[in-house]
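Chain residues, written in single-letter form:
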Amino acid sequence: MRPPARAVGLAACSLLLLPLALLPLQVLRVIVLCDGPCEAPPGAYQLQGLGPGFIGQVSYFALAGVKGSVLIDRELPVHWEPLVHSPLQQAFNSSSPVGPTGRGVKVALLDTGVNYRLAVFGGGIGPGKPIVDGYDFVSNDADPLDADGHGTAVAYIIRQQAPGASLLVYRVGRAGEILLSALFRALDRALSEGAQVINLSLGTDQPDPALQQLMARASSQGALVVAAAGNSGPKPDTVSYPAAYGDVLAVGSSKPGLEHSVSVQLKTSRELGFTLNLLPMARAPLRNVSGPIVYASRALPSDVKSLDLNGAIVLAERGGQLPYAYFSYKERLVASKGAAALIVFNNQEGFFLGNLSDPLNPNYTPTIPVFSLDREAGLALLAALREGPLYALINIFRYAKDVSIFSSRGGGLFSIKPNVVAVGEDVQTLDAAGHPWTPSGSSFSAPQVSALAARLLEARPNMTGPEVGTLISLGTDLVRAPWGDLASPLEQGAGRPNQTKLLLGGLLANATSLVVHLSPLHTRASLSLQVKPVADSLSGASFLWLEGGINATARPSASGLSVQLSIDRAQRAQLYEGFLELRGRLFTYHIPMLVYVDNMTIAASAHNGSIAVGAVGGGSFVANITVITPSYERQTYAGVALPFSFRADQAGVYHVAVTARAANGSLYMGYADVRNQTPTSALQVDTTLLLSLALGLAFIALFTVALLEIYRERRAARPSTEGGAPSPPSASSTSVAPSP
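Residues numbered from 1 in each chain as written. Predicted model: local features only at pLDDT ≥ 70, side-chain atom pairs only at ≥ 80, totals over all residues. Heavy atoms only, no water.

Novice: What am I meant to see in the pattern of salt bridges here?
Specialist: Two side chains of opposite charge can pair, provided their charged atoms sit close to one another. Under the defined criterion, the tally for this structure stands at 11 salt bridges. Residue Asp 237 is joined to Arg 634 by a salt bridge in which the shortest nitrogen-to-oxygen separation is 2.6 Å. Here Asp 237, found in the loop between β15 (224-228) and β16 (248-254), pairs with Arg 634, found in strand β41 (residues 634-641); they are 397 residues apart in sequence, far enough to count as distant. Judged by relative accessible area, Asp 237 falls into the partly exposed class, the value being 47%. For Arg 634, a relative accessible area of 48% corresponds to the partly exposed category. Note that Asp 402 is salt-bridged to Lys 255, the shortest N-O span being 3.8 Å. A residue pair is termed long-range when its members are at least 10 positions apart, and Asp 402 in the loop between β23 (391-397) and β24 (420-423) and Lys 255 in the loop between β16 and β17 (263-268) qualify at 147 residues. (Salt bridge = Lys/Arg side-chain N within 4 Å of Asp/Glu carboxyl O. Helix = DSSP H or I, 4+ residues; strand = E, 2+ residues; numbered from the N terminus. Buried < 20%, exposed > 50% of the residue type's maximum accessible area, 1.4 Å probe, protein only.)

Now the structure itself:
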């Protein structure tokens, strides 16, 4: 029997509604964090900042001190793999540290677990052993055994440098990824177990509001969170999360100052205006070189055939067909034409670590120095070369202690990160099997600072974890390149912690970094710096500028220092980098500074859940606006006209940076902070999702009506069996003969 036309129409309409109903839905696993007992919310909610709503599994975690938050539970890629496996297996310095050992201080490690079966960790977990508590939040059992080696390496560093500390070991992921819910539960357990230091040798590129809340909660409960800054340098604004959060002590990587710690300086006959970080390739000879720079494309046979390379420093791009792509082939080829050195810049973004080995010739030995260079710097050097001849001098410096090229740099527009640096190259530790291992990366810088914090907490039991973090940030030695140049605050933060200063002296201040924006209508800034003696006292202060400087004075006041900064109204837009050096009776201490001279004054105001941004003095501008929210999320609005308004749904300070172009083509930059007092709720009913649910209900209703219509029609046409023989078929019916 053919379905009635009315039923077919209803079914078709319902099918048209189905994709519209399903379009906004995301099937996700969701975590709800709440302070105290959790109550299940109504079904449809919007995840802040994630657009359409969700339908899926909801997990609830009652975490004290964390205001209602909703987030997606997901596996985050993290930067915790060792960057370099050094061929140098150095002898271990197993001597115990002088003075405090961290006795009585609990240090939590949230990592890939630890091989607690090793003798150095006491062979197990429990009272009287170095590891007093442990849990695997990935497998949800009490066995945090490390299968990857990363966590074991981190734990060994702390064990060696703070042997008296009690370790809390929590497995939150495997090599390359963490489970977000595991990280949250581990942080909660660490705090409930009384952790005073929490080491996070991990990081992700994306901020998360709930993660930022947990960092703030840990700080408010007196714990110091120490996190690796990341291994994404030398590109700026690459410090990972949670290290980028204000409540976290971010640790970058520096060189160890040993004989094999090499820094390479390239100086050219013309000032280039940028820094070149050359990395020596493994197995290449190291010596000072000078000569003209000659570009040789990819240093293939066809590229160098007609070039005069005698005595030249050859600049070439990475790549080519095998075997010509081998660095050994390029080296042998240019050396045969008399080249003095070879610089190979990357054919993709970032830097690389080259190795001069020849799989086709195991007896190959390089004869000239060969260096690698990141792509951005390589293209800049090539552009300068095309403007005219360049003569270069390459200087090799051993025993270098400067910042590692891979160490993540800060962006600096709103804050200074990392806070400090520690040795992160060829760090002596153990792998998961207990074998000596010398990896590199900021993952192995962070536990050295965590160990130092544990020792300081033993030495100064009346101080909280965050206070010790401030102590560490101030009690530093500034990092310089071997040729004397100060490293930028965005590279080193306040420098490398000096344990002698920290154990024998120490000052506390209400700021560990200073970022100031001045402009034509805001030419002066007055800062009151509160300084508190610990085991030293303030006697004076001065400024150290990397280049140039502004009008700056620092005078003692009743509470510490009165800092005055000023510019001339006509001073050109520029960033001034430097350090405020505090002189104590015993030691010197450092606060990194950034002073931006903007050429536009920005006004910003918050009202009824939105923030309005405009240029003081008016004017017609087309602008690109970058906003950092209180939870450190970055928002960008491109090509908008000033004044401009955007939605603000979080409480706290919004940082607003504006790059604007006037009608005459002039470029302006400005900055403003604005505090938003009236955020909208993080949990809001999603109207898009409600519409989706309504469409879904309409689909179900129409489809049900269509089925009922078909059922009614077929029931009406069914032959009656009551009272005897069936009725003959009607004229409109079609009779079907039985098959033969």
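Novice: How should the packing of helix α3 (residues 180-192) against helix α4 (residues 209-220) be read in this particular structure?
Specialist: In helix packing, the relevant descriptors are the interaxial angle and the interaxial distance, both defined with respect to the helix axes. It is the contact of α3 with α4, at a shortest axis distance of 11 Å, that shows an interaxial angle of 10°. In terms of orientation, α3 and α4 fall into the roughly parallel class. Between α3, through Leu 183, Phe 184, Leu 187, Asp 188 and Leu 191, and α4, the contact on the second element is made entirely by Ala 210, Leu 211, Leu 214, Met 215, Arg 217 and Ala 218. Of the residues assigned to the contact of α3 with α4, the class counts are nine nonpolar, no polar and two charged. (Axes fitted to C-alpha atoms, helices over the stretch in contact; angles between N-to-C directions. Parallel < 35°, antiparallel > 145°, perpendicular 65-115°, else oblique. Contact = heavy atoms within 4.5 Å. Nonpolar A, V, L, I, M, F, W, Y, C, P; charged D, E, K, R; others polar.)

Novice: What exactly am I supposed to notice about the packing of aromatic side chains here?
Specialist: Ring pairs (aromatic) are described by centroid distance and by the angle formed between their planes. Scanning all chains against the criterion turns up 13 aromatic pairs. Ring geometry for Phe 543 against Trp 545: centres 6.0 Å apart, planes inclined by 10°, an arrangement best described as stacked. Three or more aromatic residues joined by ring pairs make a cluster, and in this case those are Tyr 637, Phe 644, Phe 646 and Tyr 654. The ring of Phe 352 is capped by Arg 318, whose NZ or CZ atom sits 4.3 Å from the centre of that ring. (Phe/Tyr/Trp six-rings, centres within 6.5 Å; stacked < 30°, edge-to-face > 60°. Lys NZ or Arg CZ within 6 Å of the ring centre and 35° of its normal.)

Novice: Whenever I open this one, the sheet that holds strand β38 (residues 602-607) confuses me. Can you help?
Specialist: Through backbone hydrogen bonds, the strands of a sheet pair up, either in parallel or in antiparallel fashion. Reading across the sheet, the three strands line up as β38-β39-β42 and stay open at both edges, with antiparallel pairing between neighbours. A strand with exactly one partner marks an edge of an open sheet, and here the two such strands are β38 and β42 (644-647). Adjacent strand axes in the sheet meet at a mean angle of 20°, parallel and antiparallel pairs treated alike. For strand β39 (residues 610-615) and β42, the ladder comprises four bridges, and the chain directions are antiparallel. Residue pairing across strands places Val 613 opposite Phe 644, the latter belonging to β42. (Pairing = 2+ DSSP bridges.)

Novice: How should the environment of Arg 496 be read in this particular structure?
Specialist: By secondary structure assignment, the location of Arg 496 is in strand β29 (residues 496-497). Residues Arg 496 and Asp 402, spaced 94 residues apart in sequence, show a C-alpha to C-alpha distance of 9.8 Å. At 2.8 Å, the side chain of Arg 496 forms a polar contact with the backbone oxygen of Lys 401. (Polar contact = N/O pair within 3.5 Å; in protein donor to acceptor, adjacent residues only side chain to side chain.)

Novice: It is not clear to me how the environment of Thr 626 should be interpreted in this structure. Could you clarify?
Specialist: Turning to its location among the elements, Thr 626 is positioned in strand β40 (residues 621-628). Each C-alpha atom of the pair Thr 626 and Tyr 637 lies 6.6 Å from the other, and the pair is 11 residues apart in sequence. Those residues within four positions of Thr 626 in sequence are excluded, and the remaining contacts are Arg 634, Gln 635, His 655, Val 656 and Ala 657.

Novice: Would you explain the confidence of the model for the chain in this entry?
Specialist: Fine structural detail should not be taken from predicted coordinates in areas where pLDDT scores are low. Per-residue confidence for the chain gives a mean pLDDT of 83; residues scoring 70 or more make up 81%. Predicted confidence is poor over residues 22-29, with pLDDT under 50, and the contacts of this stretch with residues over four places away or in other chains come to 26 contacts. Note that pLDDT drops below 50 for residues 34-71; the model gives that stretch 109 contacts with residues more than four away or on any other chain. (pLDDT = per-residue confidence, 0-100.)

Novice: Can you walk me through the sheet that holds strand β30 (residues 507-509) in this structure?
Specialist: Strands sit in the order β30-β32-β35-β34 across an open sheet of four strands; the sheet is antiparallel. Bordering the open sheet on either side are β30 and β34 (551-556), each of which pairs with just one other strand. Shown here is a sheet whose adjacent strand axes are inclined to one another by a mean of 25°, direction ignored. When strand β32 (residues 524-533) meets strand β35 (residues 560-566), the two strands line up antiparallel, connected through seven bridges. Pairing of Leu 527 across the sheet is with Val 563, part of β35.

Novice: Explain the side chain of Asn 395 to me, please; I cannot follow it from the model alone.
Specialist: Along the polypeptide, Asn 395 turns up in strand β23. Once you skip the residues sitting within four places of it in the chain, Asn 395 turns out to touch Ser 263, Val 264, Gln 265, Lys 267 and Asn 288.

Novice: Would you mind showing me how to read the packing of helix α8 (residues 446-459) against helix α9 (residues 465-474) here?
Specialist: Put simply, α8 and α9 touch, their axes get as near as 10 Å, and they point 115° apart. As the angle between them shows, α8 and α9 are arranged roughly perpendicular. In this structure, α8 meets α9 at a crossing whose hand is right-handed. Across from Val 449, Ala 453, Leu 456 and Leu 457 in α8, the residues of α9 making contact are Gly 465, Val 468, Leu 471 and Ile 472. (Left-handed = near helix turned anticlockwise from the far one by under 90°.)

Novice: Could you clarify how one ought to interpret α9 in this entry?
Specialist: Side chains three or four residues apart in an α-helix point the same way, a direct result of the helix having 3.6 residues per turn. In terms of residue burial, α9 counts as a mostly covered element, since eight of its 10 residues are buried. Within α9, burial applies to Gly 465, Val 468, Gly 469, Thr 470, Leu 471, Ile 472, Ser 473 and Leu 474.

Novice: Please explain the nonpolar core as it appears in this structure.
Specialist: In summary, soluble globular proteins display a tendency toward joint burial of nonpolar side chains. Of all hydrophobic cores here, the largest spans 44 residues; its most connected members are Val 107, Val 226, Val 449 and Ile 472. Within the residue set of this core, elements represented by two or more residues are β9 (106-111), α2 (150-161), β11 (166-171), β15, β16, β24, α8 and α9. Looking at which element gives the most residues to this core, the answer is α8, with eight residues. If sequence neighbours within four positions are ignored, Val 226 has contacts with Val 197, Ile 198, Asn 199, Leu 200, Leu 249, Val 251, Ala 446, Val 449 and Ser 450. Core analysis: the next-biggest nonpolar cluster, separate from the first, contains 36 residues, Ile 178, Ala 195, Met 215 and Ala 218 among them. (Core = buried A, V, L, I, M, F, W, Y, C linked by side-chain atoms within 4.5 Å.)

Novice: How should I be thinking about unusual backbone geometry in this particular structure?
Specialist: One can expect most non-glycine residues to show negative phi and most peptide bonds to be in trans. Geometrically, the link from Tyr 241 to Pro 242 is a cis peptide bond, its omega value of 15° lying close to zero. By secondary structure assignment, the location of Pro 242 is in the loop between β15 and β16. For the bond running from Leu 642 to Pro 643, omega is 0°, close enough to zero to count as cis. As for its placement among the helices and strands, Pro 643 is situated in the loop between β41 and β42. For Asn 140, which is not a glycine, the phi torsion comes out positive at approximately 60°.

Novice: Just to check I follow, could you spell out helix α7 (residues 375-386) for this structure?
Specialist: Helix length check: α7, at 12 residues, gives a terminal C-alpha distance of 16 Å against a target of 16 Å (1.5 Å per residue), a fit within 8%. Every buried residue of α7 is accounted for by Ala 377, Gly 378, Leu 381, Leu 382, Ala 384 and Leu 385. Around the axis of α7, the buried residues are gathered within 160° of arc, so they sit on the same side. More than 90 degrees from the buried face of α7, the exposed residues found are Glu 376 and Arg 386. Packing partners of the buried residues in α7 comprise β19 (289-295), β20 (313-317), β21 (341-345) and β22 (370-373). (Expected span 1.5 Å × (residues − 1). Arc of directions from axis to C-beta.)

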